[in-house]
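Fold and geometry: a report
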Amino acid sequence: MKIYINNREYDMPQDISILDAVKKANIKIPTLCYVEGMDPYGGCRLCVVEVEGSRTLVPSCAVKISEGMKIKTHSEKVRKVRRTIMQLIVASHGISCELNCLTCPKATSCELKTIAEEIGVTKINIPPVEKYLPTDFSSYSIVREPTKCIVCGRCIRACSNIQSVNIFTFANRGPNTIVTTFMNEGMGNVDCTNCGQCVMNCPTGALHEVYHIDGVWNAINDPEKVVVVQTAPAVRVALGEPFGMEPGTISTGKMVAALRLLGFDKVFDTNFTADLTIVEEGTEFIHRFKEGGKLPLFTSCSPGWIKFIEHNYPEFLPHLSSAKSPQQMFGAVAKHYYAKKLGIPKEKLIVVSIMPCTAKKYEMNRPELAGDVDFVLTTRELAKMIKESGIDFKNLPDEKYDDPFGITTGAAAIFGVSGGVMEAALRTAYEILTGKELEKIDFVAVRGLNKVKEAEIEINGKKIRIAVVNTLGAARKLLEKMKNGEVEYHFVEFMACPGGCIGGGGQPIPSTEEVLIKRMEAIYDIDYDSKLRKSHENPAVKKLYEEFLGEPNSEIAHHILHTHYVARS
């Protein structure tokens with residue numbers, strides 16, 4: 001199709017938007033409510049362009065090109081309108097002496113600031129609009145500050161289009177329009193899964209995690225406490241980004257060094273309990289498979305997925321593995337085993353988690369899991385603490401984790417990506433069921449960013465059908481197919497966030513698909529470079545069973561490492 005952009009002729013494919021066509025012509029149009037991969041909304045109007053023959057400017061994200069269309073992307077009229085729109089948006093953002101950029105969680109990644117610079121806004125002539133809307137502190141995971149909301153609707157579409165959870169909606173009309181939850185009940189009182197994808201898509205600081213930073217500083221500074229920290233697999237391939245390092249840079253050694261400089265007494269690896277999870281969950285699957293238990297088995301590592309199934313599909317709860325997540329397993333082992341080794345009461349041992357996930361803050365507060373973990377910091381919060389301490393992260397020399405929970409395998413590392421838990425479980429289940437060494441250790445069929453991946457493998461002459469799902473929207477579609485009898489599996493991995501934990505709601509922003517691919521590749525590099533690549537070969541895990549747990553799925557293992565779930569209407 002032939003079109004004209006700024007008086008230059010271009011050949012473009014049919015059925016694409018003006019915005020996509022202009023992008024192909026290497027011209028950037030500012031956007032705010034538009035998010036690639038989600039339905040266009042056309043609400044903010046920042047992307048307007050002139051189209052010959054049209055009486056008004058048109059939103060380029062919501063209008064498709066047509067044969068011979070003549071477009072002007074940056075005429076004087078367009079630039080003037082964009083600057084006026086931007087001033088109106090900023091005025092609705094609740095800027096004041098109390099809500100200035102110094103205290104905003106998006107101070108270093110504010111899209112408003114970036115766009116204002118790009119379109120030449122140097123002065124705001126419109127006074128701030130007073131909203132008088134209370135901050136929502138009802139959630140364990142996420143704080144909502146409606147005064148900072150610019151009503152772009154990105155949180156609504158992320159919650160709806162990606163996750164199919166739908167807790168947000170518009171209310172009122174015209175200048176009184178706001179984004180709110182059902183009956184304005186607050187995020188902690190509706191069906192929110194705490195996944196944090198709304199936070200990842202909010203262009204302002206209207207949505208952010210519940211900060212645990214002050215609590216962690218208090219614990220570190222308390223001489224009566226022994227403070228240990230665990231780091232999740234996906235954090236080490238993203239933590240470098242807030243310090244100017246390329247996405248996918250593996251910064252494990254620098255992260256460990258920084259945590260010691262912050263004052264943690266011991267630095268451990270959640271990958272240790274990821275290996276432990278595989279031994280427990282893999283054993284559970286083998287028992288169900290051989291003895292006719294409830295199948296398919298669903299994985300239980302993702303707390304956003306757990307709350308989703310509790311709200312929406314309680315009839316499937318018996319399919320969930322009873323194994324706690326690696327975060328909670330680590331906390332339980334630390335409090336019940338490590339505290340004894342240190343000769344201190346477990347109340348004096350403080351467990352801090354570094355997670356790519358906002359839902360982990362909710363998970364540590366679940367009544368059935370309470371007491372395992374004391375604080376959860378997201379990747380973003382850890383970066384804030386490192387900066388606050390003046391640590392030159394990029395130039396830190398690498399350091400190693402402490403023993404005994406620093407010995408891990410490549411199987412544990414791949415927990416950070418969609419398909420990783422399934423692949424790790426298959427490596428262990430195959431060798432336990434067959435008694436033979438696995439020749440081809442990589443199950444590539446379950447890798448990648450596709451939302452649903454299926455495969456069939458043969459073990460001891462029996463075919464095992466497996467599926468791997470990421471995002472809750474994809475999970476809902478698969479569960480509906482299972483309910484209708486359209487698909488059957490033996491084992492299914494579910495992760496709440498795009499790409500798994502690498503795209504978690506606590507990761508650095510932005511987490512575009514390009515960024516996710518780089519983080520994913522780094523995770524697999526860690527696996528390939530590991531001396532041990534199967535969870536059941538981890539010598540520290542074997543020693544834990546010898547000294548404390550007895551054998552996988554033993555009575556004490558069930559008491560310490562397993563849990564139950566709750567149907568929520």
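Residues numbered from 1 in each chain as written. Predicted model: local features only at pLDDT ≥ 70, side-chain atom pairs only at ≥ 80, totals over all residues. Heavy atoms only, no water.

1. Brief notes about the state of the cysteines
- In this structure the tally under the stated criterion is zero disulfides.
- Cysteine C159 shares no disulfide, and the gap to the nearest cysteine sulfur, in C195, comes to 6.7 Å.
- Under the relative-accessibility criterion, C159 is labelled buried at 11%. (Disulfide = S-S within 2.5 Å. Buried < 20%, exposed > 50% of the residue type's maximum accessible area, 1.4 Å probe, protein only.)

2. What about the pattern of salt bridges?
- Enumeration according to the criterion identifies 40 salt bridges in this entry.
- In this structure, E284 engages R288 in a salt bridge whose closest nitrogen and oxygen atoms are separated by 2.9 Å. With a gap of four residues between them, E284 and R288 both fall in helix α8 (residues 270–291), about one helical turn apart. Across the pair, R288 and E284 agree in class, each one buried.
- Between E456 and K463 there is a salt bridge whose closest N-O contact spans 4.0 Å. (Salt bridge = Lys/Arg side-chain N within 4 Å of Asp/Glu carboxyl O. Helix = DSSP H or I, 4+ residues; strand = E, 2+ residues; numbered from the N terminus.)

3. Side note on unusual backbone geometry
- With an omega of 5°, the peptide bond running from L295 to P296 counts as cis.
- Examined against the element boundaries, P296 turns out to sit in the loop between α8 and β12 (297–298).
- Omega for the peptide link from I509 to P510 comes to 5°, which places this bond in the cis form.
- Relative to the assigned elements, P510 resides in the loop between β17 (491–495) and α16 (513–528).
- Phi is positive for T471, which is not a glycine, with a value near 85°.

4. Section: the nonpolar core
- Counting residues in each nonpolar core, the largest one holds 64 residues, and the members touching the most others are L239, L259, L262, F264, L276, V352 and I386.
- Per-element accounting of this core gives the leading share, eight residues, to helix α10 (residues 326–342).
- When sequence neighbours within four positions are dropped, the list of residues in contact with I386 reads L239, F243, A258, L262, I391 and F393. (Core = buried A, V, L, I, M, F, W, Y, C linked by side-chain atoms within 4.5 Å. Contact = heavy atoms within 4.5 Å.)

5. What to know about the packing of aromatic side chains
- Considering all chains together, one arrives at 20 aromatic pairs under this definition.
- A centroid spacing of 4.6 Å and a plane angle of 25° characterise the contact between F243 and F393, whose relative ring orientation is stacked. Here F393 lies in the loop between α12 (379–388) and α13 (410–413) and F243 lies in the loop between β10 (226–231) and α7 (252–262), a separation of 150 residues in the sequence.
- We classify F243 as buried; its relative accessible area is 14%.
- Ring plane angle 85° and centroid distance 5.3 Å describe the contact between F268 and Y338, whose orientation is recorded as edge-to-face. Pair noted here: F268 is in strand β11 (residues 266–269) and Y338 is in helix α10, with a separation of 70 residues, a long-range link. There is no split in this pair, since F268 and Y338 are both buried.
- Joined through ring pairs, the aromatic side chains of F268, F272, F330, Y337, Y338, F405 and F548 make up one cluster. (Phe/Tyr/Trp six-rings, centres within 6.5 Å; stacked < 30°, edge-to-face > 60°.)

6. Quick notes on the packing of α10 against helix α17 (residues 539–549)
- Orientation of α10 relative to α17, taken along the N-to-C sense of each, is 80°, at an axis distance of 12 Å. Compared by their axis directions, α10 and α17 come out roughly perpendicular. Along the contact surface, α10 presents V333, H336, Y337 and K341, while α17 presents L544, E547 and F548.
- Looking at side-chain class alone, the contact of α10 with α17 contains four nonpolar, one polar and two charged residues. (Axes fitted to C-alpha atoms, helices over the stretch in contact; angles between N-to-C directions. Parallel < 35°, antiparallel > 145°, perpendicular 65-115°, else oblique. Nonpolar A, V, L, I, M, F, W, Y, C, P; charged D, E, K, R; others polar.)

7. A closer look at the pairing of strand β15 (residues 452–459)
- The side-chain alternation of β15 yields one buried face, formed by K453, A455, I457 and I459, and one unburied face, formed by V452, E454, E456 and E458.
- Examined bridge by bridge, β15 and strand β16 (residues 462–470) share eight bridges and lie antiparallel to one another. Of the residues in β16, the one forming a bridge with A455 is I466.
- The hairpin formed by β15 and β16 contains two residues between the paired strands, and N460 there has a positive phi angle of roughly 55°. (Pairing = 2+ DSSP bridges.)

8. A few points about helix α4 (residues 154–162)
- Of all nine residues making up α4, seven are buried, and the element is well covered by its neighbours.
- Turning to α4, its buried residues are R154, C155, I156, R157, A158, C159 and I162.
- Against the buried residues of α4 lie α3 (111–119), β7 (168–171), β8 (178–181), α5 (197–201), β9 (207–209) and α15 (472–483).

9. What to know about the sheet that holds β11
- Pairing is parallel in the open sheet, where four strands are placed in the order β11-β10-β13-β14. Either end of the sheet is taken by a strand with one partner, and the two such strands are β11 and β14 (375–378). Pairwise comparison of adjacent strand axes, ignoring direction, gives a mean angle of 25° for this sheet.
- Against the sheet, helix α6 (residues 213–220) contacts β10, β13 (349–355) and β14, and its axis sits at roughly 125° relative to β14.

10. Structural notes on the sheet that holds strand β2 (residues 8–11)
- Across the sheet, which stays open at both edges, the five strands sit in the order β2-β1-β5-β3-β4 with mixed pairing between neighbours. In this open sheet, the two strands that pair with only one neighbour each are β2 and β4 (58–59).
- Both strand β3 (residues 48–51) and strand β5 (residues 70–72) contribute to a ladder of two bridges, which runs antiparallel. Within β5, the position partnered with V51 by the bridge is I71.
- The strands that helix α2 (residues 76–91) touches are β3 and β5; relative to β3, the one it contacts most, it runs at about 155°.

11. Observations regarding the side chain of S139
- Residue placement: S139 occurs in the loop between α3 and β6 (142–144).
- Engagement of the side chain of S139 in a polar contact is seen with the backbone nitrogen of S141, the distance being 2.9 Å.
- Polar contacts involving the side chain of S139 include one to the side chain of N194, which spans 3.4 Å.
- Excluding residues within four positions of it along the chain, S139 makes contact with M187, G188, N194 and V210. (Polar contact = N/O pair within 3.5 Å; in protein donor to acceptor, adjacent residues only side chain to side chain.)

12. Points about the side chain of E209
- For E209, the location among the structural elements is in strand β9.
- Classification of E209 as buried rests on a relative accessible area of 2%.
- Polar contacts involving the side chain of E209 include one to the side chain of T378, which spans 2.7 Å.
- Here the side chain of E209 touches R380 through a polar contact of 3.2 Å, side chain to side chain.
- Those residues in contact with E209, other than ones at most four positions away along the chain, are S141, I142, V143, T358, K361, T378, R380 and E381.

13. A look at the environment of V487
- The residue V487 is located in the loop between α15 and β17 in this model.
- Between the alpha carbons of V487 and S60 there is a distance of 40 Å; along the sequence they are 427 residues apart.
- Apart from the residues within four sequence positions on either side, V487 is in contact with E454, L478, K481 and M482.

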